[in-house]
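# A look at the structure
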Amino acid sequence: DAKTTQPPSMDCAEGRAANLPCNHSTISGNEYVYWYRQIHSQGPQYIIHGLKNNETNEMASLIITEDRKSSTLILPHATLRDTAVYYCIVRDNYGQNFVFGPGTRLSVLP
Amino acid sequence: EAGVAQSPRYKIIEKRQSVAFWCNPISGHATLYWYQQILGQGPKLLIQFQNNGVVDDSQLPKDRFSAERLKGVDSTLKIQPAKLEDSAVYLCASSFELAGGYNEQFFGPGTRLTVL
């Protein structure tokens, strides 16, 4: 079973920030938080990952709470092309497999 | 760099028939994964290879599914015989797995299987 809980769907207006929450209350100390997204008819695509510090790259920002029990993926200026299913996954870097839950279906509206 | 290649992209078969999917990972990636994605669900790992050895096949239905990765590069996944519930997208992914390092999996476009 997935170790994360995400809302099944969210809407966001084009040009606005999309904030996607994820709960991972049972995360252990050596587990990272990974985010992937899956655009329709494509395979999942890596977005970002983090351990306990906030992270930012060209695609998104990842905010992890101090107790690491939840996190938020932020797409700062959502576009129509960001419409996809977003998966939050926790995994250590010593051989655990990725366990995908159903994710959050983000719809960016014009 | 070239991505993960999969073929065919689509396949329609009747139940009890056999089918095979092919995957060519990114060059240099030692780890290869096969996932099954049923409509509306996230991908579920079927099997993981490290080079040409199986690391994890605990969720592979071995009575009908088989996979191999000869020479540690290309891989094939076979279903024999297929059932209606095997209708899904079969995704192949590869990674340059480093123990203790972050792991980015690169996914192919998938093969959509429909079993009638």
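Residues numbered from 1 in each chain as written. Chains lettered and ligands numbered in written order. Predicted model: local features only at pLDDT ≥ 70, side-chain atom pairs only at ≥ 80, totals over all residues. Heavy atoms only, no water.

## Concerning the pairing of strand S7 (residues 70–75) of chain A
Within a regular strand, the side chains alternate between the two sheet faces. Burial along S7 of chain A is one-sided: the residues Ser71, Leu73 and Leu75 of chain A are buried and none of Ser70, Thr72 and Ile74 of chain A is. Counting the residues in the hairpin turn of strand S6 (residues 61–64) of chain A and S7 of chain A gives 5 residues, including Arg68 of chain A, whose phi is positive at 65°. (Buried < 20%, exposed > 50% of the residue type's maximum accessible area, 1.4 Å probe, protein only. Helix = DSSP H or I, 4+ residues; strand = E, 2+ residues; numbered from the N terminus. Pairing = 2+ DSSP bridges.)

## Side note on the packing of aromatic side chains
For the structure on display, the rule yields 14 aromatic pairs over all chains. On the numbers, 5.0 Å between centres and 85° between planes, the contact of Tyr34 of chain A with Phe98 of chain A is edge-to-face. Taken together, the positions of Tyr34 of chain A in strand S3 (residues 31–38) and Phe98 of chain A in the loop between strand S8 (84–92) and strand S9 (104–109) put the pair 64 residues apart, joining distant regions of the chain. Accessibility assignment for this pair places Tyr34 of chain A and Phe98 of chain A in one class, buried. Seen in terms of ring centroids, Phe100 of chain A and Phe107 of chain B are 6.1 Å apart; in terms of plane orientation they differ by 80°. Their pairing is edge-to-face. (Phe/Tyr/Trp six-rings, centres within 6.5 Å; stacked < 30°, edge-to-face > 60°.)

## Observations regarding the sheet that holds S6 of chain A
All names here are of chain A. Ordered by their spatial adjacency, 4 strands build an open sheet running S2-S7-S6-S5, and the pairing between neighbours is antiparallel. The strands lining the two open edges of the sheet, one partner per strand, are strand S2 (18–23) and strand S5 (55–56). Bridge analysis of S5 against S6 gives 2 bridges, and the strand direction is antiparallel. Following the sheet pairing, Thr56 is matched in S6 by Ser61.

## What about the interface of chain A and chain B?
Tallying the contact residues gives 18 residues for chain A and 23 residues for chain B. Counting the surface lost from both chain A and chain B, the interface buries some 1500 Å², and carbon and sulfur atoms represent 48% of this. If you look at where chain A meets chain B, you find 0 salt bridges. Taken together, the connections running from chain A to chain B amount to 4 residue pairs in polar contact (both at pLDDT 80 or more). Looking at the side of chain A that touches chain B, the elements that each hand over two or more residues are S3, strand S4 (45–50) and S8 of chain A. Of the residues forming the side of chain A that touches chain B, the biggest block, 3 residues, is contributed by S3 of chain A. (Contact = heavy atoms within 4.5 Å. Buried area = accessible area lost by both parts, 1.4 Å probe. Salt bridge = Lys/Arg side-chain N within 4 Å of Asp/Glu carboxyl O. Polar contact = N/O pair within 3.5 Å; in protein donor to acceptor, adjacent residues only side chain to side chain.)

## Let's talk about the environment of Val33 of chain A
Residue and element names in this part refer to chain A. By the element assignment, Val33 lies in strand S3. Each C-alpha atom, one on Val33 and one on Cys88, is 6.9 Å from the other, the two residues being 55 residues apart in sequence. When near neighbours in sequence (up to four residues on either side) are disregarded, Val33 contacts His24, Ile27, Ile48, His49, Gly50, Leu62, Ile64, Ser71, Cys88, Ile89 and Val90.

## Examining the pattern of salt bridges
All names here are of chain A. Within the structure shown, the criterion is met by 4 salt bridges over all chains. We note a salt bridge from Arg37 to Asp82, for which the minimum N-O separation is 2.8 Å. Remark: Asp82 occurs in the loop between S7 and S8 and Arg37 occurs in strand S3; sequence separation between them is 45 residues.

## What to know about the state of the cysteines
One pass over the structure, following the stated rule, counts 2 disulfides over all chains. The partner cysteine of Cys22 of chain A in its disulfide is Cys88 of chain A, sulfur to sulfur 2.1 Å. Handedness of the Cys22 of chain A-Cys88 of chain A disulfide follows from its S-S torsion of about -85°: it is left-handed. In this pair, Cys22 of chain A sits in strand S2 while Cys88 of chain A sits in strand S8, placing the two residues 66 residues apart along the sequence. Cys88 of chain A carries the same exposure label as Cys22 of chain A, and that label is buried. Residue pairing for Cys23 of chain B: its cysteine sulfur links by disulfide to Cys92 of chain B, the two sulfurs lying 1.9 Å apart. (Disulfide = S-S within 2.5 Å.)

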